[in-house]
Amino acid sequence: MKSKKLTAYIIVGMVLGIITGYLWRQSHPDKASINSFISNISLLTDIFLHLIKMIIAPLVFTTLVTGIAKMGDIKAVGRVGGKTMLWFISASLLSLTLGLIMVNILKPGVGLNLPLPDIHAASGVEKSALSFRDFALHAFPTSVIDAMAQNQILQIVVFAMFFGTAAAALGERAKLLVDLMDVAAHVMLKLTGYVMNVAPIAVFAAMAATVAKEGLTILATYGTFMADFYATMVVLWILLTLIGGMFIGPRIVTLLKGVREPLLLSFSTASSEAAYPKTLEQLERFGVSNKIASFVLPVGYSFNLDGSMLYCTFAVVFIAQAYGMELTLSQEITMLLILMLTSKGMAGVPRASLVVIAATLSQFNIPEAGLLLLLGIDHFLDMGRSATNVVGNTVATAVVAKWEGELKHAGPHPHSHRG
């Protein structure tokens, strides 16, 4: 209910922001009044962006360390784990690459020409400095404290991976520390919820400032962006179905028909977690053995969020396009690699994609204020992302079961899972 209320408030904030910005523009047509209004109201937006950036470093570190440490000894996971991760990494690359290709073909942000905020105009990393050598060196922190202070997301991820692996290797001795990290992760998730409560005010301020500056023509872009993103998701669904069909044959159609209910549930609630019990039940009915389904599906919820990853590349490039910024091919490939890692540390985080996108924007000197272009419609995009995550994990589980010889013919399963 809280999520639905927040979405309603964000939509109300967006509408009120549009009306306020339009009325101010009509009643104060002179440039000085408009600039003064924008300067004052954008303080609310800036505070929200500061709060989002405040969360990033501790959230990434605690969630990723906890996730890796709880996976335990990699030998125990064995062959199935290896095959599962191979599929997840391939699916992640497919999703991220497709988002990148489609946003460059469809160009939903081109023509917006939003002015670059002054504070970002001459700051950050020089674009020419993002060579592969610099990227590789930059990935490994000389000081994790400095990396956290600077919100260097990639360096935090690398340190968290080493830290989590070492904690897993220590086993029982590190249990207290891992539990502490788990509690810290939950505290950060709670804090994320508090910060998101400010979102409607930030959206109101952002929309009012944007409409006061640009007029109502800016609004047409929202419809274009949503249509382009949903079209891209349809392409991903087709690709996942075709690739899954290469392994399990025509039964892929039966599989996707079987998960219609979880798909609708995840779409309507904008939560792939809500669909988890039903997805597990339908996979077992389809013929996937319990041991495979109960291993691959939960790991998939942490490491295989195809819809969210598709959105990350699509949204980052859209924001760059909206500000009239050209990203080079090497920058886009670097972004893809960064997102490949950062997206793995965000499982179960409310509005995870927004946090990942906020972190990625700063790496490429793209104004974080562009994030607010998407906040007002994020719920509608999240509905599609959640359904896509369910499709990706369903196909992944069935394929791994087939590889392991654990996929039998369909039949009613004696018990359902409701946990």
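Values in this document were obtained by computation on a predicted structure and should not be read as measured data.

Its identity is not glycine, yet K107 carries a phi of approximately 50 degrees, on the positive side. Mapped onto the secondary structure, K107 falls in the loop between α3 (74-106) and α4 (118-121). The residue N365 is not glycine, and still its phi comes out positive at about 60 degrees.

So, on to the confidence of the model for the protein chain. Per-residue confidence for the protein chain gives a mean pLDDT of 79; residues scoring 70 or more make up 83%. Note that pLDDT drops below 50 for residues 119-130; the model gives that stretch 17 contacts with residues more than four away or on any other chain. Under a pLDDT of 50 for its full length, residues 412-419 has, in the predicted model, 12 contacts with residues more than four places off or in other chains.

Our focus in this paragraph is the nonpolar core. Proteins that are soluble and globular tend to have nonpolar side chains buried together. Counting 110 residues, the largest nonpolar core has F48, I357 and I366 as the members making the most contacts within it. Per-element accounting of this core gives the leading share, 12 residues, to helix α15 (residues 306-322). Setting aside chain neighbours within four positions, we find F48 in contact with V195, M196, V198, A199, A202, L372 and L375.

Right, let's get into helix α8 (residues 175-196). Taking 1.5 Å as the rise per residue, α8 with 22 residues should run 32 Å; its terminal C-alpha atoms sit 31 Å apart, in good agreement. Along α8, the residues that are buried comprise V178, M181, D182, A185, M188, T192, V195 and M196. Summarising the axial view, the buried residues of α8 lie within an arc of 135 degrees, below the 170-degree limit, and thus occupy one face. Pointing more than 90 degrees away from the buried face of α8 are the exposed residues L176, L180, V183, K190 and Y194.

Definitions and limits used
Residues numbered from 1 in each chain as written. Predicted model: local features only at pLDDT ≥ 70, side-chain atom pairs only at ≥ 80, totals over all residues. Heavy atoms only, no water. Helix = DSSP H or I, 4+ residues; strand = E, 2+ residues; numbered from the N terminus. pLDDT = per-residue confidence, 0-100. Contact = heavy atoms within 4.5 Å. Core = buried A, V, L, I, M, F, W, Y, C linked by side-chain atoms within 4.5 Å. Buried < 20%, exposed > 50% of the residue type's maximum accessible area, 1.4 Å probe, protein only. Expected span 1.5 Å × (residues − 1). Arc of directions from axis to C-beta.

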